[in-house]
Amino acid sequence: MEKIKELLLQALSSATSLDALEKIRIDFLGRKGSITTLAKNADFSKMSVEEKKGFGQKLNELKTFATAKLVEMQERLQASAPRRKSNELDLTAPGKGRRLGALHPITLAQMELEDIFQGMGFSVVYGPEIESEYFCFEALNIPHDHPARDMQDTFWLKNQLILRTHTSANQVRTLLRFGAPIRAIFPGRCFRYESIDPSHENTFYQCEGLVVDKNISVANLIAVMKTILSQVFKRDVKVRLRPGYFPFVEPGFELDLNCLICGGKGCPTCGDGWIELIPCGLIHPEVLRHAGIDPKEYSGFAFGVGLTRLAMMKFGIRDIRYLNCGDLRVNEQFSVLA
Ligand code: DAH
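How each quantity is defined
Residues numbered from 1 in each chain as written. Predicted model: local features only at pLDDT ≥ 70, side-chain atom pairs only at ≥ 80, totals over all residues. Heavy atoms only, no water. Helix = DSSP H or I, 4+ residues; strand = E, 2+ residues; numbered from the N terminus. Rg over C-alpha atoms; globule rule 2.2 N^0.38 Å. Buried < 20%, exposed > 50% of the residue type's maximum accessible area, 1.4 Å probe, protein only. Lys, Arg positive; Asp, Glu negative; His and termini not counted. Charge placed at Lys NZ, Arg CZ, Asp CG, Glu CD. Pairing = 2+ DSSP bridges. Domains from an automatic or database assignment. Expected span 1.5 Å × (residues − 1). Contact = heavy atoms within 4.5 Å. Arc of directions from axis to C-beta. Near = heavy atom within 4 Å. Areas by Shrake-Rupley, 256 points an atom, 1.4 Å probe, with all protein chains shown as cover. Core = buried A, V, L, I, M, F, W, Y, C linked by side-chain atoms within 4.5 Å. Axes fitted to C-alpha atoms, helices over the stretch in contact; angles between N-to-C directions. Parallel < 35°, antiparallel > 145°, perpendicular 65-115°, else oblique. Disulfide = S-S within 2.5 Å.

Give a detailed account of the overall build of the chain, specifying residues and quantitative values.
When you go through the chain residue by residue, the secondary structure sums to 11 helices and 9 strands. Its C-alpha atoms give the chain a radius of gyration of 39 Å, more than 25% over the compact-globule value 20 Å for 338 residues. With the C-alpha coordinates aligned to their principal axes, the bounding extent of the chain is approximately 125 × 50 × 40 Å. By residue count, 41% of the 338 residues in the chain fall in the buried class. Across the chain, the 43 positively charged side chains and the 40 negatively charged ones have centroids separated by 10 Å.

This is the structure we're talking about:
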């Protein structure tokens, strides 16, 4: 047994490949290998009980030793075996599946809305998410001490900068840049210091819009809103205006949509047949003045579409938290062709 052990160690020390190793295994532990033969050929009839016991035990130890050494050598050889070169083509490798990406439901709703407005001659303008307090509030006729500031819980940054609480911040910014007459929409992400629940998010999307020209009236506002909404919902819609207060419009309105589910009869979704949808109004003369536009010469209307809300209505998404959860399984449900 000692001799076999010695031979085994000698053979292993000169093994340089896995093939050679396999040959060693067969030579020692194979059916006709030396260890196996030793066990087979042992003449037990000449041994005492004690001797048999000792022999069996030694033989087992030898087998265990040999197996362990072979495994150890195998691991060593595998670790140092030359790897496949990286530029070598492995024709046996399984094919790689490609996952098709999908657009976020808000992106889809935004793209559709931009398309519709552009079809009516509106430009699409994107403003900054980090905004000055001036454009977000002051210029919109919401001075420092105005209670309307409480309506929008604000994330304050340094140096009079904030995360914009609404896309209306683009009104004066854009009017200063392009002047009047103008038709433009400002889709984008807004931020408010809100606790999150199924219908509230601290990060959401709006699409502000405005028209400034000569002789713009509430009739223009209603006509544009009706046309846009008919295209969004792909059918004729009825709307109504109720008075609403926003410091940057005068008069200000809440535009309600006649419920598309019950046709205005009243149902669990709408309650009384109307869905509050778009706050809007005629641009306050003070806002035009901030933009360097003479309110005696020009007038205009502005509206704020809740883009997140619109996407939720369009796709039947009941919980706003799905939109920012980052789980691709949400996106994958919405096709580009939706
Ligand atoms: N900016 C307002 C908000 O986020 C919404 C709004 C109200 C926009 C009236 C308008 C408007 O353009 O005329 O609460």
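Still more ground to cover, so stick around.
Account for the pairing of strand β4 (residues 182-191), naming residues and giving values.
In summary, the side chains of a regular strand alternate between the two faces of the sheet. Here β4 lies mainly inside the structure; 8 of its 10 residues are buried. The pairing of strand β1 (residues 123-124) with β4 spans 2 bridges and is parallel. By the bridge assignment, Val124 is partnered in β4 with Ile185. Across 10 bridges, β4 lies against strand β5 (residues 203-213) in antiparallel orientation. Paired with Ile185 across the two strands is Gly209, which belongs to β5.

Account for the domain arrangement of the chain, with residues named and values stated.
Domains assigned within the chain are domain 1 (2-79) and domain 2 (105-334). On a C-alpha basis, the centres of domain 1 and domain 2 stand 83 Å from each other.

Can you lay out helix α8 (residues 218-233) for me, pointing to particular residues and giving the numbers?
Each α-helix turn comprises 3.6 residues. Residues three or four places apart therefore point the same way. If you check α8, its first and last C-alpha atoms are 22 Å apart, about what 16 residues at 1.5 Å a residue would give, namely 22 Å. The inward-facing, buried residues of α8 contact α5 (105-119), β6 (239-243), β7 (249-258), β8 (274-283), β9 (299-305) and α10 (307-315). Lys234 occupies a position one or two residues after α8 and carries a positive phi of about 55°.

Give me unusual backbone geometry: which residues, what numbers.
Following Ala180, the chain continues to Pro181 via a peptide bond in cis, the omega torsion being 0°. Of note, Pro181 is situated in the loop between α7 (170-178) and β4. Between Glu250 and the following residue, Pro251, the backbone shows a cis peptide bond with an omega angle of 0°. Among the secondary structure elements, Pro251 is positioned in strand β7. In this structure, Asn141 is a non-glycine residue whose phi angle is positive, near 65°.

A description of helix α2 (residues 18-29) should follow, citing residues and the corresponding values.
In this model, α2 (12 residues) spans 16 Å end to end at C-alpha, consistent with the 16 Å of a helix rising 1.5 Å per residue. Residues of α2 that are buried: Leu21, Ile24 and Phe28. Angularly, the buried residues of α2 cover 55° about the axis, an arc narrow enough to put them on a single face. Of the residues in α2, the exposed ones pointing more than 90 degrees away from the buried face are Asp19 and Lys23.

Tell me about the site of the ligand, residues and numbers included.
The environment of the ligand is formed by 16 residues, the closest being His166, Ser168, Arg192, Gln206 and Glu208. Considering the ligand on its own, with 350 Å² of exposed area, one finds that the protein chains cover 92% of that surface.

Go over the nonpolar core, please, and point to the residues and values.
If you look at the biggest cluster of nonpolar residues, it comprises 40 residues, and the most contacted ones within it are Leu113, Leu229, Phe233, Ile278, Phe301 and Phe303. Among the elements of the structure, α5, β5, α8, β7, β8, β9 and α10 are those that each provide at least two residues to this core. Excluding anything up to four places from it in sequence, Ile278 contacts Met225, Leu229, Phe253, Glu254, Leu255, Phe303, Gly304 and Val305. Membership of the second largest hydrophobic core comes to 27 residues, among which are Cys136, Leu140, Ala148 and Leu210.

Can you lay out the sheet that holds β7 for me, pointing to particular residues and giving the numbers?
Across the sheet, 7 strands lie side by side as β1-β4-β5-β9-β8-β7-β6; this open sheet has mixed pairing. Of all strands in the sheet, those bounded by a partner on one side alone are β1 and β6. The strands that α5 touches are β1, β4, β5 and β9; relative to β4, the one it contacts most, it runs at about 170°.

Please give an account of the packing of α2 against helix α4 (residues 49-80) that cites residues and values.
The N-to-C vectors of α2 and α4 enclose an angle of 175°; their axes lie 10 Å apart at closest approach. The pairing of α2 with α4 is recorded here as roughly antiparallel in orientation. Across from Leu18, Leu21, Ile24, Arg25 and Leu29 in α2, the residues of α4 making contact are Lys63, Ala66, Thr67, Leu70, Met73, Gln74, Leu77 and Gln78.

Account for the state of the cysteines, with residues named and values stated.
The final tally for this structure, using the stated rule, is 0 disulfides. In this structure Cys190 is not part of a disulfide, and its nearest cysteine sulfur, from Cys136, lies 8.1 Å away. The thiol of Cys262 is unpaired, and the distance to the nearest cysteine sulfur, on Cys270, comes to 3.6 Å. We classify Cys262 as buried; its relative accessible area is 14%.

Help me get a handle on the pairing of β7, residues and values and all.
With 8 of 10 residues buried, β7 is to be regarded as a mostly interior element. Sheet topology note: the β6/β7 ladder contains 5 bridges and is antiparallel. Along β7, the bridge assignment pairs Pro243 with Phe253. Between β6 and β7, which follow one another and run antiparallel, lie 5 residues.

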